[in-house]
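Observations on chain architecture
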Amino acid sequence: MIELKNYTLNFGPQHPAAHGVLRLVMELEGETIVRADPHIGLLHRATEKLAENKPYLQNIGYMDRLDYVSMMCNEHAYVRAIEKMLDIEAPIRAQYIRTMFDEVTRILNHLLWLGAIALDIGAMTVFLYCFREREDLFDCYEAVSGARMHAKYYRVGGVARDLPEMMPHYKASKWHSQKEVEILNKNREGSLLDFLWDFTNRFPKCVDEYETLLTDNRIWKQRTVDIGVVSLDEALQWGFTGPMLRGSGLAWDLRKKQPYAAYDKINFDVPVGKTGDCYDRYLVRIEELRQSNHIIRQCIEWLRHNPGPVRIDDYKITPPKREVMKHDMEALIHHFKLFSEGFFLPVGEVYSAVEAPKGEFGIYLISDGANKPYRLKIRAPGFAHLSSYEAMTKGHMLADGVAILASQDIVFGEIDR
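Residues numbered from 1 in each chain as written. Predicted model: local features only at pLDDT ≥ 70, side-chain atom pairs only at ≥ 80, totals over all residues. Heavy atoms only, no water.

**Overview of the overall build of the protein**
Rules: By the criteria applied, helices consist of DSSP H or I runs no shorter than four residues and strands consist of E runs no shorter than two, each listed in order from the N terminus. Each radius of gyration reported is based on C-alpha atoms, and the globular scaling rule is 2.2 Å times the count of residues to the power 0.38. Only protein chains enter the accessibility calculation, which uses a 1.4 Å probe. A residue is then buried if its area is under 20% of the maximum for its type, exposed if over 50%, and partly exposed in between. Note on charges: Lys and Arg go in the positive column, Asp and Glu in the negative column, and His and the chain ends are not counted at all. Where a charge lies is defined by one atom per residue type, namely NZ (Lys), CZ (Arg), CG (Asp) and CD (Glu).
In terms of helices and strands, the protein carries 18 helices and 8 strands. Radius of gyration (C-alpha) of the protein: 23 Å, near the 22 Å computed for a compact globule of 417 residues. Taken along the three principal axes of its C-alpha coordinates, the protein extends 90 × 60 × 45 Å. Classification of the 417 residues of the protein by burial places 53% in the buried group. On the protein, the mean spot of the 52 positive side-chain charges and the mean spot of the 58 negative ones are 3 Å from each other.

Structure representation (structure tokens):
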């Protein structure tokens, strides 16, 4: 009789399919996973502790760097927590801008996820297609904030500035002739809203391209159907949220159940899976791409016809305009105090959550009346998802472990914090 011995394998943190810095200690029987122990903490930057030593306004930049694929959604949860404590509400135009950029961020996130899971499973073309569309959305980030990723665009009481009336243009160079540049600049002649509108016209066909490559692809289905099945009961017990929970069959979406920003004024559907496998989670996210596109179009139509302020008119919370500061001493003092000392929150605690692309991203904030948090706790959706990894992979092959990890949409900025 042959005696089989299990062996231990280190998967990551250098492995490209480990999605960052995940170290999995796997116990294998041949190629079958017997045990999988995620070792986390390799990207721990003490964000929650650092936030306790900085004024509220200066912590917004930390939020971008948590889930560094869903930047503005993280900011949204944080500024909403502070707004709840101060009992203020951003102007309606700012709410629509936030809603629009939350959905731009959702598309950015899901495109990176789709490119990454396709690459992990062996489809190279989808990765290149997804990054083609991401470039246009990064240009929108850059137009409103000056940064392509870490925007710091959402502020307490609104957003940093109104939407720009023009988009940056390409210039002729030794790589691109004047004729090529004119073609590249064709959809950049108008405002940011015009540029985004053009994108939303093109994007559904792009999603069709991804689906043509994957949805009915025999190899794709063999690699994802009935892999990593999570029942609805198990999903709830593990604390799943977002596409992971909806893929298992529950239509739970904070944008519908606990509406924030302008979501209660917008029409969209919540896609739901049936079996809770990798294929269902893929289909849910693909449909979310289409729904986000639909939401962005509704926001653009509203924003075009409704000008107005984009932040509250309270100099103790939002900075005065530059031109006002030039001739008003009071405004200059307000500006100096706001950016050096910041504002003070009343004593108390608050929990604020948004439907981030990966699930429920929450901020639990305790204030002792100072100008910085007494305690900040971040509820990262990926943390709950990764904790279920061993249960999801037990009995599967090693190659299926990669597909399951990719389907969880893991980003370590938010897990390690």
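**Side note on the packing of aromatic side chains**
Put simply, the test is: Working definition: a ring pair exists when centres of Phe, Tyr or Trp rings (six-membered ring for Trp) sit within 6.5 Å. Plane angles under 30 degrees give stacked, over 60 give edge-to-face, the rest tilted.
Scanning the model with the defined rule gives 12 aromatic pairs in all. Summarising the aromatic geometry, the rings of Phe199 and Phe203 are spaced 5.1 Å apart at their centres and angled 20 degrees between planes, so their arrangement reads as stacked. With a gap of 4 residues between them, Phe199 and Phe203 both fall in helix 7 (residues 192–214), about one helical turn apart. The exposure class assigned to Phe199 is buried, which follows from its relative accessible area of 1%. Measuring from centroid to centroid gives 5.9 Å for Tyr279 and Tyr282, while their planes differ by 35 degrees, and the two rings are tilted.

**A short note on the side chain of Asp67**
Filter applied, for reference: Identification of polar contacts relies on pairs of N or O atoms within 3.5 Å, with a donor-acceptor requirement for protein atoms, meaning one able to donate a hydrogen and the other able to accept it, and with residues adjacent in sequence counted only if both atoms are side-chain atoms. Residue contacts are defined here by distance: any two heavy atoms, one from each residue, within 4.5 Å place the two residues in contact.
Examined against the element boundaries, Asp67 turns out to sit in the loop between helix 2 (60–64) and helix 3 (71–86). A polar contact of 2.9 Å, which involves the side chain of Asp67, links it to the side chain of Ser70. Filtering out sequence-adjacent residues up to four positions away, Asp67 remains in contact with Asn74, Asn109, Lys358, Val411 and Glu414.

**Comments concerning the packing of helix 12 (residues 278–305) against helix 17 (residues 398–407)**
Worth spelling out the cut-off: Axis definition: a line fit to C-alpha positions, over the contact stretch in the case of helices; interaxial angles, taken between N-to-C directions, run 0 to 180 degrees. Should an angle lie under 35 degrees it is considered roughly parallel, over 145 roughly antiparallel, and from 65 to 115 roughly perpendicular; all remaining angles are considered oblique. The crossing is said to be left-handed when, going from far helix to near helix, the turn is anticlockwise and less than a right angle, and right-handed when the turn is clockwise. The classification used treats Ala, Val, Leu, Ile, Met, Phe, Trp, Tyr, Cys and Pro as nonpolar, Asp, Glu, Lys and Arg as charged, and all other residues, Gly among them, as polar.
Running from amino to carboxyl end, helix 12 crosses helix 17 at an angle of 30 degrees, the nearest separation of the two axes being 10 Å. By the criterion of interaxial angle, the relationship of helix 12 to helix 17 is roughly parallel. For the element pair helix 12 and helix 17, the recorded crossing hand is left-handed. Across the interface between the two elements, Cys278, Arg281 and Arg285 from helix 12 touch Ala403, Ile404 and Ser407 from helix 17. Taken together, the residues of the contact of helix 12 with helix 17 sort by class into 3 nonpolar, 1 polar and 2 charged.

**Description of the nonpolar core**
A general feature of soluble globular proteins is that nonpolar side chains tend to end up buried together. Counted only if it meets this: The criterion is simple. A nonpolar core is a set of buried Ala, Val, Leu, Ile, Met, Phe, Trp, Tyr and Cys residues joined through side-chain atoms within 4.5 Å.
By size, the foremost hydrophobic cluster in this structure holds 90 residues, and its most contacted members are Met100, Phe101, Tyr153, Leu163 and Ile363. The element contributing the most residues to this core is helix 4 (residues 92–121), with 13 residues. The contacts of Tyr153, once residues within four sequence positions are left out, are Met72, Glu75, Ile97, Phe101, Val144, Ser145, Val159, Ala160, Arg161, Asp162 and Leu163. Counting residues in each nonpolar core, the second largest holds 25 residues, with Leu24, Met26, Ile410 and Phe412 among its members.

**Quick notes on the side chain of His385**
Within the secondary structure, His385 is located in helix 15 (residues 381–387). Here Thr241 takes part through its backbone oxygen, which lies 3.3 Å from a polar atom of the side chain of His385.

**Details of helix 3**
Spelled out, the test is: The span expected for a helix works out to 1.5 Å for each residue beyond the first.
The end-to-end C-alpha separation of helix 3 is 23 Å, in line with the 22 Å expected for 16 residues at 1.5 Å each. Of all the 16 residues making up helix 3, 15 are buried; the element is thus mostly covered by neighbouring parts of the structure.

**Some remarks on helix 4**
For helix 4, with 30 residues, the first-to-last C-alpha span of 43 Å sits near the 44 Å given by 1.5 Å per residue. Of all the 30 residues making up helix 4, 26 are buried; the element is thus mostly covered by neighbouring parts of the structure. Phi turns positive one or two residues past the end of helix 4, at Gly122, with a value near 120 degrees.

**Re the pairing of strand 2 (residues 23–29)**
Counted only if it meets this: In this scheme, strands are said to pair when DSSP sees at least two bridges between them.
With 5 bridges connecting them, strand 1 (residues 7–11) and strand 2 associate as antiparallel partners. When the bridges of strand 2 are listed, Leu9 appears paired with Met26. Counted along the chain from strand 2 to the antiparallel partner strand 3 (residues 32–39), the turn is 2 residues long, and its residue Gly30 has a positive phi close to 70 degrees.

**Details of the sheet that holds strand 1**
Strand order in this open sheet of 3 strands is 1-2-3, and the pairing throughout is antiparallel. With one partner strand each, in any of the chains shown, strand 1 and strand 3 form the two edges of the open sheet. When the angles between neighbouring strand axes are averaged without regard to direction, this sheet yields 25 degrees. Across the face of the sheet, helix 17 comes into contact with strand 1, strand 2 and strand 3 while running at roughly 35 degrees to strand 1.

**A closer look at unusual backbone geometry**
One non-glycine residue with positive phi stands out, namely Lys152, at about 50 degrees. Owing to a relative accessible area of 28%, Lys152 belongs among the partly exposed residues under this scheme. Notably, Asp226 is not glycine yet its phi reads approximately 60 degrees, a positive angle. Inspection of the secondary structure assignment puts Asp226 in the loop between helix 8 (218–224) and helix 9 (232–238).

Function-wise, these values are silent; they only describe arrangement.
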